[in-house]
Number of protein chains: 4
Amino acid sequence: MNKGRVEAFSDGVLAIIITIMVLEIKVPHGEQFSDLKGLVPVFLSYVLSFIYLGIYWNNHHHMMHTVKHVSGDILWANLHLLFWLSLIPFATGWMGENNFSAQPMALYGLTLLMAAMAYFILQNRIIKSQGKNGLLKKAIGKDVKGEISPLLYLLGIGLSWVSPWLSGSLYIVVAVLWLIPDRRIEHIVAEQ
Amino acid sequence: MNKGRVEAFSDGVLAIIITIMVLEIKVPHGEQFSDLKGLVPVFLSYVLSFIYLGIYWNNHHHMMHTVKHVSGDILWANLHLLFWLSLIPFATGWMGENNFSAQPMALYGLTLLMAAMAYFILQNRIIKSQGKNGLLKKAIGKDVKGEISPLLYLLGIGLSWVSPWLSGSLYIVVAVLWLIPDRRIEHIVAEQ
Amino acid sequence: MNKGRVEAFSDGVLAIIITIMVLEIKVPHGEQFSDLKGLVPVFLSYVLSFIYLGIYWNNHHHMMHTVKHVSGDILWANLHLLFWLSLIPFATGWMGENNFSAQPMALYGLTLLMAAMAYFILQNRIIKSQGKNGLLKKAIGKDVKGEISPLLYLLGIGLSWVSPWLSGSLYIVVAVLWLIPDRRIEHIVAEQ
Amino acid sequence: MNKGRVEAFSDGVLAIIITIMVLEIKVPHGEQFSDLKGLVPVFLSYVLSFIYLGIYWNNHHHMMHTVKHVSGDILWANLHLLFWLSLIPFATGWMGENNFSAQPMALYGLTLLMAAMAYFILQNRIIKSQGKNGLLKKAIGKDVKGEISPLLYLLGIGLSWVSPWLSGSLYIVVAVLWLIPDRRIEHIVAEQ
């Protein structure tokens, strides 16, 4: 089965998720810059989620590079990932509109955690389908980032009751971790 | 006529339908987890409809694999299917916001029924276009699932006045039926 | 210049336009079928506009088949067409929510008229780019439908003050005219 | 790394941004043409932003033509551009709903400025990746438009406190500048 349509569909869903979040930044009634002040947390949440979705799209893009055939279970693991990512606009909106208060911060972390788990499952399915010496397995290597991220999300969720700003910082740290260029897959694919 | 654009357009519409449903899950005003309680039925409806649309995308994906040329009637049969699928977000929203009460449950079933009929028509058009020994006909075989599903939807619609939970269970049963891997088309295509 | 991206972008915009219209069908507050009664005109408008956008997508699909290279003016003629089509959801919504009253009917007709003109311009640009014996020119032939449609729209706009139902009927007539299979381009392309 | 998915994703996001702006043109309650009067500035803002996004899509399309391999930094420079473009619907809405008053005009200009800077960064990344005699560098040449536009935006932002109409005119001038056919890239690519 061809992977082209899986990529096209994932691209479509990710493109819509990323753009739908903008709808949360609602046009204010006043016409002064000061009327935009209330939107600052909504805007900052948007920036963070935009970066997260960019990272997911990027990693998804790379991972699919190693894939040749898409089986039924990979299709569903992919849809499962898209499901959790589709909840990011909601979590982002709740977080932004409540000015990063405790429980919305925890829910945001939970959504990121679930998406990370779904990504992990998808990755494992693909590795399994490629056999022992599969391309993706080599490319991922020890997958330190992939293992640390869920722990940091969990920590962030727990800390949100102590200090929402601390948990927010943790979510930013994970994003920065992934933004640091990680060319493992690129290198392995180039070698082939 | 090339099938690429038909697939791309269908992917686009399905991706948007799936993502538009998330907009029904409106950010609540409070900042406590308890403020999310009212959203539970909306969320559950979303999960069910997401799975249904995933199944449709999956099956559509498989079915189009057997197609080489797309004629005018297949194009319109496809648009007809997309029309009914495009009503799923509305039916989902009505069902979720009314906490799975009788009449919204019936409408949801009706929408699923109409989509199933449209899928059936599209399938028949493709089979017809492929002639007697067509690939899709072989792949579909007896099409037990395809024939049972509409009956279960009908039953669900009827039962919604007796017990909305019963009809809800029936809709879940149909989804599970289709989720069980069905590799008929994959096998037949692989054999070629 | 490659036509692939022009098709992909047009597909994307058309897919979103068609799906955004569903958002006009707002989930009602009550949970009875009778609460849906107010949505009937909105639903009927949606059906008509869905068919129109389906026709445009279909014809666009066919027309682009004859194109090999896309120049700057074709790109802009295409964007111009998408602009008018993007206003259909608004015109549809206004028409549906006002129960097909006179002035919304006229605006709907005007939007269809402008889209038809934009399509005509795009078609001419493509014909011009293909030279005297171009494929599209042959395929279009006398283009009776293309010339009658604007007249019927104009008539519909004028009649909307007399009887909105009459102008509505005219818009339906044009849609039916285009729905009748028109395989000119298919034939000419197949001959090549 | 293949550029196909980058183009597809960018097309998707641009298509959604362009179409989401239509949602700002909200269906009015009355059924008279006079009820549409309040929408005129919203409509005019939509036209201007539609043209701007069309120009971006067009230029993006051309620029990507010269690209063969997409590296990680180009991917992120592209996402960065999409981020600023995704804010255009918000800036457009604020400008339209406040009838082109001073501060919304400044914000609109600022959004255009940031998008222009992001485009410039993306362009530079691509030029760098192509080496000294790269295709894009030749095609761009002196890039007069690319250098004048930010200055005109800056002027427009500054003038918005003096006369919003003047800054509006400047934004229109920049759009017209880019609409004038600019076939540099087309020519250079055709020469190869």
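Residues numbered from 1 in each chain as written. Chains lettered and ligands numbered in written order. Predicted model: local features only at pLDDT ≥ 70, side-chain atom pairs only at ≥ 80, totals over all residues.

**Digging into the overall build of chain A**
Which entries qualify depends on this criterion: Secondary structure counts use DSSP, requiring at least four H or I residues in a row for a helix and at least two E residues in a row for a strand, with both numbered from the N terminus. In this description the radius of gyration comes from C-alpha coordinates, and the expected globular size is given by 2.2 Å times residues to the power 0.38. Residue burial here comes from a neighbour count, namely the number of other C-beta atoms, placed from the backbone, that lie within 10 Å of the residue's own C-beta, with 20 or more meaning buried, 12 or fewer meaning exposed, and in between meaning partly exposed.
Along chain A, the regular secondary structure elements total 9 helices and 0 strands. Helices and strands in chain A line up, N terminus first, as α-α-α-α-α-α-α-α-α. Its C-alpha radius of gyration of 18 Å places chain A within 12% of the 16 Å reference for a compact globule of 192 residues. The buried share of chain A, reckoned over its 192 residues, is 46%.

**Here's the deal with the interface of chain B and chain C**
Quick note on the threshold: Any pair of residues counts as being in contact when their C-beta atoms, constructed from backbone geometry, are within 7 Å of one another. Here the nonpolar group is Ala, Val, Leu, Ile, Met, Phe, Trp, Tyr, Cys and Pro; Asp, Glu, Lys and Arg are the charged ones; every other residue, Gly included, is treated as polar.
Each partner contributes residues to the interface: chain B has 23 residues there, and chain C has 23 residues. Those elements that place two or more of their residues in the side of chain B that touches chain C are helix H1 (4-20), helix H3 (72-86), helix H4 (88-97) and helix H5 (102-129) of chain B. Here the element with the most residues in the side of chain B that touches chain C is H1(B); it accounts for 8 residues. Residues belonging to the side of chain B that touches chain C are distributed by class as follows: 14 nonpolar, 7 polar and 2 charged.

**Some remarks on the arrangement of the chains**
Nowhere do chain A and chain C come into contact; their C-alpha atoms are at least 9 Å apart. For chain B and chain D, which are not in contact, the least C-alpha distance works out to 9 Å.

**Focus on the relation of the copies chain B and chain C**
For clarity, the cut-off: For this overlay, a least-squares fit was computed on C-alpha atoms, restricted to residues scoring pLDDT of at least 70 in both copies.
Mapping chain B onto chain C leaves a residual RMSD of 0.0 Å; the transformation is a rotation of 90° accompanied by 0.0 Å of translation along its axis. The transformation relating the two chain copies, once decomposed into turn and shift, fits a four-fold axis. The C-alpha atom lying nearest the rotation axis in chain B is that of B:Gly12; the distance is 4.3 Å. Both copies present different contact surfaces, since only 13% of the interface residues of chain B are interface residues in chain C too.

**Things to note about helix H8 (residues 164-179) of chain A**
Residues and elements named next belong to chain A. For clarity, the threshold we go by: The span expected for a helix works out to 1.5 Å for each residue beyond the first. This arc describes the spread of directions from the helix axis toward the C-beta atoms.
Spanning 16 residues, H8 covers 23 Å between terminal C-alpha atoms, matching the ideal 22 Å at 1.5 Å per step. Buried within H8 are the following residues: Pro164, Ser167, Gly168, Leu170, Tyr171 and Val174. End-on view of H8: buried residues confined to an arc of 155°, all on one side of the axis. Residues of H8 that are exposed and point more than 90 degrees away from the buried face comprise Trp165, Ser169 and Val176. Elements that come into contact with the buried residues of H8 comprise helix H2 (40-65), helix H5 (102-130) and helix H7 (144-159).

**Re the interface of chain A and chain D**
Taken together, the contact between chain A and chain D spans 23 residues of the former and 23 residues of the latter. Secondary structure elements with two or more residues in the side of chain A that touches chain D: helix H1 (4-20) and H2 of chain A. For the side of chain A that touches chain D, the leading source of residues is H1(A), giving 8 residues. Looking at the side of chain A that touches chain D, its residues break down into 12 nonpolar, 6 polar and 5 charged.

**Details of the relation of the copies chain A and chain D**
Copy one and copy two of the chain differ by a rotation about an axis and a translation along that axis. At an RMSD of 0.0 Å, chain A and chain D line up after a rotation of 90° and a shift of 0.0 Å along the axis. Looking at the interface residues of chain A, only 13% of them are also at the interface in chain D, so each copy uses its own face.

**Some details on helix H3 (residues 72-86) of chain D**
The end-to-end C-alpha separation of H3(D) is 21 Å, in line with the 21 Å expected for 15 residues at 1.5 Å each. Burial analysis of H3(D) places 11 of its 15 residues in the buried class, the great majority of the element. Of the residues making up H3(D), those classed as buried are D:Ile74, D:Leu75, D:Asn78, D:Leu79, D:His80, D:Leu81, D:Leu82, D:Phe83, D:Trp84, D:Leu85 and D:Ser86. Those residues of H3(D) that are buried lie in contact with H1 and H2 of chain A together with helix H1 (4-20), helix H2 (40-65), helix H4 (88-97) and helix H5 (102-130) of chain D.

**Focus: the packing of helix H7 (residues 144-159) of chain D against helix H8 (residues 164-179) of chain D**
Residue and element names in this part refer to chain D. For the record, the criterion: Angles here are taken between N-to-C directions and fall from 0 to 180 degrees, while the axes themselves are lines fitted to C-alpha atoms, restricted in helices to the stretch in contact. Put simply, angles under 35 degrees are roughly parallel, angles over 145 are roughly antiparallel, angles from 65 to 115 are roughly perpendicular, and the rest are oblique. Should the near helix be turned anticlockwise from the far one by less than a right angle, the crossing is left-handed, and should it be turned clockwise, the crossing is right-handed.
Relative orientation of the contacting elements H7 and H8 amounts to 165°, with a least axis distance of 8 Å. The angle between H7 and H8 places the two elements in the roughly antiparallel class. Classified by chirality, the crossing of H8 by H7 is left-handed. Counted together, Lys145, Ser149, Leu152, Tyr153, Leu155, Gly156, Ile157 and Leu159 of H7 and Leu166, Ser167, Leu170, Tyr171, Val173, Val174, Leu177 and Trp178 of H8 form the full contact between these two elements.

**Some thoughts on unusual backbone geometry**
Residue and element names in this part refer to chain C. Unusually for a residue other than glycine, Asn99 sits at a positive phi of about 55°. Here Asn99 shows up in the loop between helix H4 (88-97) and helix H5 (102-130). According to the C-beta neighbour criterion, Asn99 is partly exposed, with 15 such atoms within 10 Å.

**Observations concerning the confidence of the model for chain A**
How we decide: pLDDT is a per-residue confidence score from the predictor, ranging from 0 to 100.
In this model, chain A carries an average pLDDT of 90, and 93% of its residues clear a pLDDT of 70 or more. Interface confidence for the predicted complex, expressed as ipTM, amounts to 0.90; the pTM equals 0.92.

**Quick notes on the environment of D:Ile51**
All names here are of chain D. Residue position: Ile51 is located in helix H2. Judged by the 19 C-beta atoms lying within 10 Å of it, Ile51 falls in the partly exposed class. Between the alpha carbons of Ile51 and Val176 there is a distance of 9.3 Å; along the sequence they are 125 residues apart.

**Some points on the environment of A:Ile126**
Residue and element names in this part refer to chain A. Position of Ile126 relative to the elements: it lies in helix H5. Sequence separation between Ile126 and His69 is 57 residues; the distance between their C-alpha atoms is 9.5 Å. Setting aside its immediate chain neighbours within four residues, Ile126 contacts Met63, Val67, Ile74 and Leu136.

**Section: the environment of D:Val67**
All names here are of chain D. With respect to the helices and strands, Val67 occurs in the loop between H2 and H3. Of the residues examined, Val67 has 18 C-beta atoms within 10 Å and is grouped as partly exposed. Taking the C-alpha atoms as reference points, Val67 and Asn124, separated by 57 residues in sequence, lie 12 Å from one another. Non-local contacts of Val67, meaning those with residues more than four positions away in its chain, are made with Lys3 and Ile126.

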